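# Structural overview
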Amino acid sequence: VGLGEYARVTPKVKDIVFVATLKVMLKPLVEQIPGFAAAAVALKSPPIIKYRLDFGVLPAGASTIITAPILSFVDMLVNQVIVGMLLWPKRITVPLLSWDGVMPANDPVVDLEVERLNGRQQGVIKVHIIQAKELKSYDTLTGKSDPFVEIFTTPDHREKTRVLSNNLNPQWNETKYLPVLEKDTVLRVEVFDYDAVNVASFTSLRDSAMMKGSKEFMGRCAVPLSQFIKEEGLEEEIWLPLGKGDWTNLEGPVSATLDM
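Predicted model only: the values in this text are computed from it and were never measured. (Residues numbered from 1 in each chain as written. Predicted model: local features only at pLDDT ≥ 70, side-chain atom pairs only at ≥ 80, totals over all residues. Heavy atoms only, no water.)

### With respect to helix H2 (residues 108-117)
Every buried residue belonging to H2 is among Val110, Asp111, Val114 and Leu117, and all of these are buried. For H2, the arc enclosing every buried residue in end-on projection is 120 degrees, short of the 170-degree limit, so these residues lie on one face. Exposed side of H2, more than 90 degrees from the buried face: Pro108 and Val109 are the residues found there. Among the structural elements, strand S2 (22-26), strand S3 (38-43) and strand S5 (92-95) are those in contact with the buried residues of H2. After H2 finishes, the residue glycine 119 shows a positive phi value of roughly 105 degrees. (Buried < 20%, exposed > 50% of the residue type's maximum accessible area, 1.4 Å probe, protein only. Helix = DSSP H or I, 4+ residues; strand = E, 2+ residues; numbered from the N terminus. Arc of directions from axis to C-beta. Contact = heavy atoms within 4.5 Å.)

### What about the pattern of salt bridges?
In this structure the tally under the stated criterion is 8 salt bridges. Ionic pairing is found between glutamate 174 and lysine 176, a salt bridge with its closest N-O pair at 3.3 Å. Like lysine 176, glutamate 174 is buried. Here the salt bridges share partners, and the residues they tie into one network are Glu150, Arg158, Glu190, Lys215 and Arg220. (Salt bridge = Lys/Arg side-chain N within 4 Å of Asp/Glu carboxyl O.)

### Regarding the confidence of the model for the protein
The predicted model of the protein has a mean per-residue pLDDT of 76, with 76% of residues at 70 or higher. Ignoring residues within four places in sequence, the model shows residues 248-252, a span with pLDDT below 50, making 14 contacts including any to other chains. Note that pLDDT drops below 50 for residues 256-260; the model gives that stretch 36 contacts with residues more than four away or on any other chain. (pLDDT = per-residue confidence, 0-100.)

### Brief notes about the packing of aromatic side chains
Scanning the model with the defined rule gives 2 aromatic pairs in all. On the basis of an interplanar angle of 65 degrees and a centroid distance of 6.0 Å, the ring pair of phenylalanine 192 and phenylalanine 217 is categorised as edge-to-face. Taken together, the residues span a long stretch of sequence, with phenylalanine 192 in strand S10 (residues 186-197) and phenylalanine 217 in strand S11 (residues 212-224) at a distance of 25 residues. Of the residues examined, phenylalanine 192 reaches a relative accessible area of 8% and is grouped as buried. Taking the relative accessible area as the measure of exposure, phenylalanine 217 reaches 22% and is therefore partly exposed. These aromatic residues form a ring-pair network of at least three members: Phe148, Phe192 and Phe217. When the ring centre of tryptophan 88 is taken as origin, the NZ or CZ atom of lysine 23, which lies over that ring, is 4.9 Å away. Cation over ring: arginine 158 sits above phenylalanine 152, and NZ or CZ is 4.0 Å from the ring centre. (Phe/Tyr/Trp six-rings, centres within 6.5 Å; stacked < 30°, edge-to-face > 60°. Lys NZ or Arg CZ within 6 Å of the ring centre and 35° of its normal.)

### A few points about unusual backbone geometry
Note the cis peptide between lysine 27 and proline 28, where omega equals -5 degrees. Tracing the backbone shows proline 28 in the loop between S2 and S3. The phi dihedral of aspartate 15 is positive, around 50 degrees, even though this residue is not glycine. Following the sequence through the fold, aspartate 15 ends up in strand S1 (residues 12-19). On the accessibility criterion, aspartate 15 (54% relative accessible area) is exposed. Here asparagine 166, not a glycine, exhibits a phi torsion of approximately 50 degrees, which is positive.

### Description of the side chain of serine 145
Looking at where serine 145 falls in the secondary structure, it is placed in the loop between strand S6 (123-132) and strand S7 (147-154). A distance of 2.9 Å separates the side chain of serine 145 from the backbone nitrogen of tyrosine 138, its partner in a polar contact. The residues contacting serine 145, other than those within four sequence positions of it, are Lys136, Ser137, Tyr138, Leu164, Ser165, Asn166, Asn167, Leu168, Asp193 and Met218. (Polar contact = N/O pair within 3.5 Å; in protein donor to acceptor, adjacent residues only side chain to side chain.)

What follows is the structure in structure tokens.
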């Protein structure tokens, strides 16, 4: 409102840096050219993505108002949507045997292998989230935090615990179930501090609906599930150190019991 010709902004993406490790699978092997029935590509771990948005010439005093929501949206689009589509066990699978790229290949064995390559669910893991201890305070007024846990094996299926207010040593004792697509699936655990009021939205005087609740990242860890799928019904309790980097950098533990 009141920006005139600047009401429509067309930022340009510049200086893109993308660093990632790809997982490429070519199977099942067949006698026909090219020698495999399908190809699948995925990201083995969250990639490093850096870029710069060039907004051009903006009116004085309106730069932050215009660019802040756009930057937030683009970051969300890149880190949650695009990465979520390719982070293992999510993947892009391309069948190669049929002329239009669509299965079946009229071979039951080959069709089944391609279906599995496409990310067919192979099992379920039961995760019992017990407690966390020695969490950091994220509330300057109370000296405490309002922690909750989110867990997932695929980006589009997340489970979370209830929020425990004013607690640095929370005990949830909650059980969640998650799908397992592959034997090398990784269970990812993230801990957040819940804020009843979105401070960033409040201080920038945004829409009141956006001010209702937010979460602040506290720590994360990753658990390869291959160690728990050796036998059905295996149950083990482990302590998982939390970090703020790419599922690394130890900083305080969280407790969980995994029952496969």
